[in-house]
Amino acid sequence: MKNTIASRIADFLKNYPPFNLLQKEDLLSISKNVKVKYLEKGKTLFAEGDTGHKRFYVVNKGAVSLERINNDKRETIDKCDEGDIFGLRPLFAKENYLINAIADEETVLYAIPIKKFKPLSEKNKEVGSFLIQSFASNTRNPYAEAHKGKLISEKEPEENQFQPNNNLFELQPAPVTRKVVMASPETTIKKAAQLMRRKKVGSVLIVEENTPKGIVTDEDFRNMVATGVFSIETPISKIMSSPVICYPRGITIAQAQLTMMKHHINHVCITEDGTPNTKVVGVVSEHDIMVSEGHNPSVLMKAIQRSSSTNELKKIRHKITLLLKGFLASNIPLNHISKIIFELNDATIKRIIERCIKKLPTPPPCDFTWIALGSQARKEQLLQTDQDNALIFEEVPQEKLEETRAYFLELSRKVNKRLNIIGYEYCPAEMMAKNPNYCLSLQEWKQQFTNWIVDPGNDEILLCSIFFDFDISYGNIKLSNELANHIFSLTQNNKKFYSVMGATTLRNPSPLGFFRQFLVEQNGENKDFFDIKKRAITPITDAARLLILQHQVRNISNTAERFEKLAQLEPNNKDLFLACAYASKVLIKFRTKQGLKNRNSGRYIDLENLSKEEKIKLKRCFKSIRQVQELIKFRFEVTPYI
């Protein structure tokens, strides 16, 4: 007789991670052992110090607050609503609870026995990984030292799975041809050859009920038909190579190349499960791999340096985007991706400047420095967003100043125009070197920063902050270094400056509103969309900038690297800063994937298209933002501007 209660529980759980990763029979087996619990509003399920239960919990209806006591005050660290998991501590560590779980309203919970669920999480890596992340959402950093070795099915963070010396190109997914030419075993050699000629391909896959039985290539026709061994009316199965070497989706270029060399073949068949027993998905050919080598970072770098037109650079930019997609699909660590994309972007800027200088009638009248600002300077500009840049030129006699400025403004106009052509939008705020306000002599820049820092207001700090993230793209580094020395001398022990900068850092509060709801745009063309840049990336970027500047640390502009350095400088805040570093990388990667998926900047997110798992990941990042903003409020004794 069918267990209708268990079936209803399974029908609910299958809509939420990680239960959606389980086989139907495993999910039903777990559901038969679930206990349904009802909590009245204000009822405590477990309290700090209680012995761990033998079950963890999923919210079916209602809501539960997870709280801890801090200096005799209750601090809400999370709110769990429909589909959320909590109470995982006994699953990972034989310790008492460290938090309180209290019903926010009338709540129905599913209590899942750890003894029954643990074997499934150990067997299924994706399930184990998700549970680790859910557990870690209440411990700030999913991979904090305190939890290493205690988590079942522990998966090291992606940074540790990758050796920097590996060839990133070879770790990309192999290019798969999905429009596969197929024939049945009874097809004659003649008809198969005609089919290949018509489709303009070099191989035909021999299948039965769409499962691969063999493959025939141009080489087989040369060796066994053109030599007269078999007539053209012979069934194609007589000359096919069998069995077919099969792999699942996601095979890397390195795997494909090694397989082809090992088996002396030129094609690998891609099937649903990587065996010849399931349907064909596509084919990887040696030719396609050779063509894809044009997306190798070193090949692209040489192409940039040799480019002779803006249109060439535009085509290379398209290849860089394909390279980025491949890196993300292979789950290569973001810090490695960022560095490579930064170098390719930087080389593109250099090449454009070099070519623009040659187009001017005279060489530059004096030394200058072209500096990139914002995300490019922080090595976080993976997508082609708007351009932010400025120019510093060395001191010249007063009578030569405007003539010199005119030269560099003309150079800047040419450079900004070409950057726009290859895909970098003009900055809406005109923060570009072609703007006379951002094309200044070294002395003028020093005076500008003195005005911004000595008597700071909200607007001045916003302008000033952007220039704390800069990287030299072209020219004399001494000019930018001298300006940096001036800036750091002005900011050292400047309490008024840090107070105002702290207040502006808090201008974007936590991205979550009441009851963990995402704060979305209320009007305009992006109404009801979530602005991930304004609500999440900017707050964590601003926090890293302020805190690292207070320590007078130079030459680190990447947000994650700033937080990692802060973790070294402030061991008492190590877990928080490492959590912020992790959150920064997750947010940038998330925006990049959204941008590539939707072919835009990835800034505005349609929440309706996000999975529960994606929302959980984002909310975990938001928690780190809220906590670091609390630290800034306390440290600089500030409140945000309204």
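Model, not experiment: these values are computed from the prediction.

Another point: the packing of aromatic side chains. The final tally for this structure, using the stated rule, is 19 aromatic pairs. Both rings, one in F393 and one in F408, keep their centres 5.4 Å apart while their planes meet at 15°; by these two values the pair is stacked. Of this pair, F393 sits in strand β16 (residues 389-393) while F408 is found in helix α14 (residues 401-421), placing the two residues 15 residues apart along the sequence. Residue F393 shares its accessibility class with F408, and that shared class is buried.

On to the pairing of strand β7 (residues 100-103). Neither face of β7 is exposed, since N100 and I102 on one face and A101 and A103 on the opposite face are all buried. One ladder, built from two bridges, connects strand β2 (residues 44-46) with β7; its direction is antiparallel. If you follow F46 over to β7, its bridge partner there is A101. Bridge analysis of strand β4 (residues 64-70) against β7 gives four bridges, and the strand direction is antiparallel. By the bridge assignment, V64 is partnered in β7 with A103.

All of the buried residues in helix α2 (residues 24-31) are D26, L27, I30 and S31. Across the axial projection of α2, the buried residues extend over an arc of 135°, all falling on one side. Exposed residues pointing more than 90 degrees away from the buried face of α2 are listed as K24 and E25. Contacts from the buried residues of α2 go to α1 (4-13), β8 (107-113) and α4 (114-123).

Turning next to the sheet that holds β2. The strand order across the open sheet built from four strands is β2-β7-β4-β5, with neighbouring strands paired in antiparallel fashion. Because the sheet does not close on itself, it has two edges, and the strands there are β2 and β5 (73-80). Each adjacent strand pair in this sheet contributes to an overall mean axis angle of 35°, direction not counted.

What follows deals with the pattern of salt bridges. Applying the stated rule across the entire model yields 19 salt bridges. A salt bridge links K14 to D11; its shortest N-O distance comes to 3.5 Å. Accessibility expressed as a relative area gives 43% for D11, which makes it partly exposed. D542 is paired through a salt bridge with R507; the nearest N and O atoms lie 2.9 Å apart. On the criterion of sequence distance, the pair formed by D542 in helix α19 (residues 532-550) and R507 in the loop between α18 (495-505) and β19 (530-531) is long-range, its members being 35 residues apart. Three or more residues are tied together by salt bridges with common partners; here these are R378, E380, D469, R507, D542, R545 and R562.

All right, on to the packing of α19 against helix α21 (residues 574-598) then. Remark: α19 packs on α21, axes separated minimally by 10 Å, with the N-to-C direction vectors making an angle of 145°. In the packing of α19 onto α21, the handedness of the crossing is left-handed. Residues I532, K533, A536, I537, I540 and L547 of α19 lie in contact with α21, whose contacting residues are F577, C580, A583, S584, L587, F590 and R591. Its residues assigned to classes, the contact of α19 with α21 comprises 10 nonpolar, one polar and two charged.

Our focus in this paragraph is the nonpolar core. Counting 68 residues, the largest nonpolar core has W445, F449, F467, F563 and L587 as its most contacted members. Element by element, the count of residues in this core is highest for α19, at 10 residues. Once residues within four sequence positions are removed from consideration, L587 is found in contact with I532, A536, I537, I540, L618, C621, F622 and I625. In this structure, I320, L334, L383 and I422 belong to the second largest nonpolar core, which totals 43 residues.

This brings us to the packing of helix α10 (residues 297-306) against helix α11 (residues 310-329). Between α10 and α11, the least distance of the axes is 10 Å, while the angle of their chain directions is 165°. Comparing the axis directions of α10 and α11 gives the class roughly antiparallel. Considering how the two elements wind past one another, α10 and α11 form a crossing that is left-handed. Contact residues: P297, L300, A303 and I304 in α10; L313, I316, K319, I320, L323 and F327 in α11. Tallied by class, the residues present in the contact of α10 with α11 amount to nine nonpolar, no polar and one charged.

Further remarks concern helix α6 (residues 189-199). An α-helix turns once every 3.6 residues. As a result, residues three or four positions apart point the same way. Within α6 the residues assigned to the buried category are I189, A192, L195 and M196. One side of α6 carries all its buried residues, which in axial view fall inside an arc of 125°. Residues of α6 that are exposed and point more than 90 degrees away from the buried face comprise K191, R197 and R198. Summarising the contacts, the buried residues of α6 are in contact with β9 (182-183), β10 (203-208) and α7 (218-224). Of the residues one or two after α6, K200 is the one with positive phi, at around 60°.

Taken together, the side chains of K179, R197, R198 and K199 present a region of like positive charge at the surface. On the secondary structure map, K199 appears in helix α6.

Time to look at the side chain of E67. Here E67 lies in strand β4. In this structure, E67 is in contact with R74, E75, T76, I77, I99, N100 and I102, ignoring residues within four places of it in sequence.

Reading guide: rules and limits
Residues numbered from 1 in each chain as written. Predicted model: local features only at pLDDT ≥ 70, side-chain atom pairs only at ≥ 80, totals over all residues. Heavy atoms only, no water. Phe/Tyr/Trp six-rings, centres within 6.5 Å; stacked < 30°, edge-to-face > 60°. Helix = DSSP H or I, 4+ residues; strand = E, 2+ residues; numbered from the N terminus. Buried < 20%, exposed > 50% of the residue type's maximum accessible area, 1.4 Å probe, protein only. Pairing = 2+ DSSP bridges. Arc of directions from axis to C-beta. Contact = heavy atoms within 4.5 Å. Axes fitted to C-alpha atoms, helices over the stretch in contact; angles between N-to-C directions. Salt bridge = Lys/Arg side-chain N within 4 Å of Asp/Glu carboxyl O. Left-handed = near helix turned anticlockwise from the far one by under 90°. Nonpolar A, V, L, I, M, F, W, Y, C, P; charged D, E, K, R; others polar. Core = buried A, V, L, I, M, F, W, Y, C linked by side-chain atoms within 4.5 Å. Parallel < 35°, antiparallel > 145°, perpendicular 65-115°, else oblique. Patch = residues over 30% accessible without salt bridge, like charges linked within 9 Å, V, L, I, M, F, W, Y side chains within 5 Å. Areas by Shrake-Rupley, 256 points an atom, 1.4 Å probe, with all protein chains shown as cover. Lys, Arg positive; Asp, Glu negative; His and termini not counted. Charge placed at Lys NZ, Arg CZ, Asp CG, Glu CD.

In short, shape yes, function no, at least from these values alone.
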